[in-house]
Amino acid sequence: MKSNFSSPFRGLGGSGLTKRIIPCLDVKDGRTVKGVNFVDLRDAGDPVELAWNYSQQGADELVFLDITATVEKRKTLVELVKSVARQINIPFTIGGGINEIADADALLNAGADKISINSAAVRNPALIDELAKAFGVQFVIVAVDTRIIADKNIVHLNGGRLPTDKQTLDWIKEAENRGAGEILLTSMDHDGTKAGFDQGLLKQVNDAVNIPVIASGGAGSVQHFVDVFEQTNVDAALAASVFHYGEILIPDLKTVLKQNNIEVRLT
């Protein structure tokens with residue numbers, strides 16, 4: 001049984017076992033974009049408008065990832081967070097370019113509920129400890145981008161462009177031990193393909209840790225969400241393009257999940 005301590009928002013409107021549906025908005029130059037296998041980006045709309053729409057549809061949380069974050073854009077990102085916080089009343093996470101306590105502090109003060117770290121955590125694992133100590137584990141999500149190389153799942157950095165020497169499960173266990181409150185696990189091999197989530201990897205990871213796991217990469221149909229919850233028991237499923245382009249509507253998705261005896265929060 002997973003512990004509920006790590007997310008203050010679990011089970012809103014229901015029990016702590018409620019599964020969460022999370023639209024993800026990749027942001028570049030102030031616009032939402034989406035690609036396939038982390039490349040070939042195309043515009044998907046205004047992030048604030050999309051955020052409002054998803055909150056109305058019944059999304060449980062949102063994740064915003066600044067995929068080309070730099071220090072120079074930090075002020076832009078803070079303004080985005082403020083704009084989103086004014087528009088929605090559901091929890092949201094912000095990630096991208098968070099390298100130190102001050103970065104996280106600025107975003108949380110602007111209205112973000114949680115922060116997500118990825119490359120910076122791999123390069124400086126102690127950052128996880130520092131953030132968890134400063135803000136509490138419930139505010140710290142460690143995002144992991146993974147791809148299979150020579151039959152092994154390997155952690156990748158810089159938006160998936162740079163392979164590391166870290167095996168994915170080993171790194172996730174270390175992140176949990178250092179104070180990660182949740183793991184956002186993206187299979188780069190599945191990302192944008194709409195061929196389904198990486199069930200094998202997700203089950204392996206979910207069985208190995210005691211913190212919530214968010215499945216990411218590969219959602220293409222309502223059935224894929226049913227499958228990932230039934231077969232891996234992850235805590236949440238995240239998707240982008242199927243939501244952005246209206247291929248799956250969240251109320252319809254939740255209705256089907258409920259019909260399959262998967263507990264979800266209904267608005």
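Here, the structure is the one placed above.
Residues numbered from 1 in each chain as written. Predicted model: local features only at pLDDT ≥ 70, side-chain atom pairs only at ≥ 80, totals over all residues. Heavy atoms only, no water.

Draft legend 1. Spotlight on the packing of aromatic side chains. All told, the structure shown has four aromatic pairs when counted by the stated rule. With centroids separated by 5.7 Å and ring planes inclined at 80 degrees, the aromatic side chains of Phe 64 and Phe 92 adopt a geometry described as edge-to-face. Here the residue Phe 64 occupies a position in strand β4 (residues 62-66), and Phe 92 occupies one in strand β5 (residues 92-95), the gap between them amounting to 28 residues. In terms of burial, Phe 64 and Phe 92 fall into one category: buried. (Phe/Tyr/Trp six-rings, centres within 6.5 Å; stacked < 30°, edge-to-face > 60°. Helix = DSSP H or I, 4+ residues; strand = E, 2+ residues; numbered from the N terminus. Buried < 20%, exposed > 50% of the residue type's maximum accessible area, 1.4 Å probe, protein only.)

Draft legend 2. Representation of the nonpolar core within the structure. Judged by nonpolar contacts, the single largest core of 70 residues is most densely connected at Leu 62, Ile 117, Phe 225 and Phe 243. Ranked by residue count, the leading element in this core is helix α2 (residues 74-87), at five residues. Sequence-distant contacts of Leu 62, defined by excluding residues within four places in its chain, comprise Ile 22, Pro 23, Leu 25, Ala 51, Tyr 54, Ile 88, Ile 90, Pro 91, Phe 92 and Thr 93. Grouped together as the second largest cluster of nonpolar side chains are nine residues, Ile 141, Ala 143, Leu 184 and Ala 236 included. (Core = buried A, V, L, I, M, F, W, Y, C linked by side-chain atoms within 4.5 Å. Contact = heavy atoms within 4.5 Å.)

Draft legend 3. Seen up close, the environment of Ser 119. Turning to its location among the elements, Ser 119 is positioned in helix α4 (residues 119-123). Overall, the relative accessible area of 14% leaves Ser 119 in the buried class. When the C-alpha positions of Ser 119 and Gly 97 are compared, they lie 8.5 Å apart, and in sequence the two are 22 residues distant. Once you skip the residues sitting within four places of it in the chain, Ser 119 turns out to touch Leu 157 and Asn 158.

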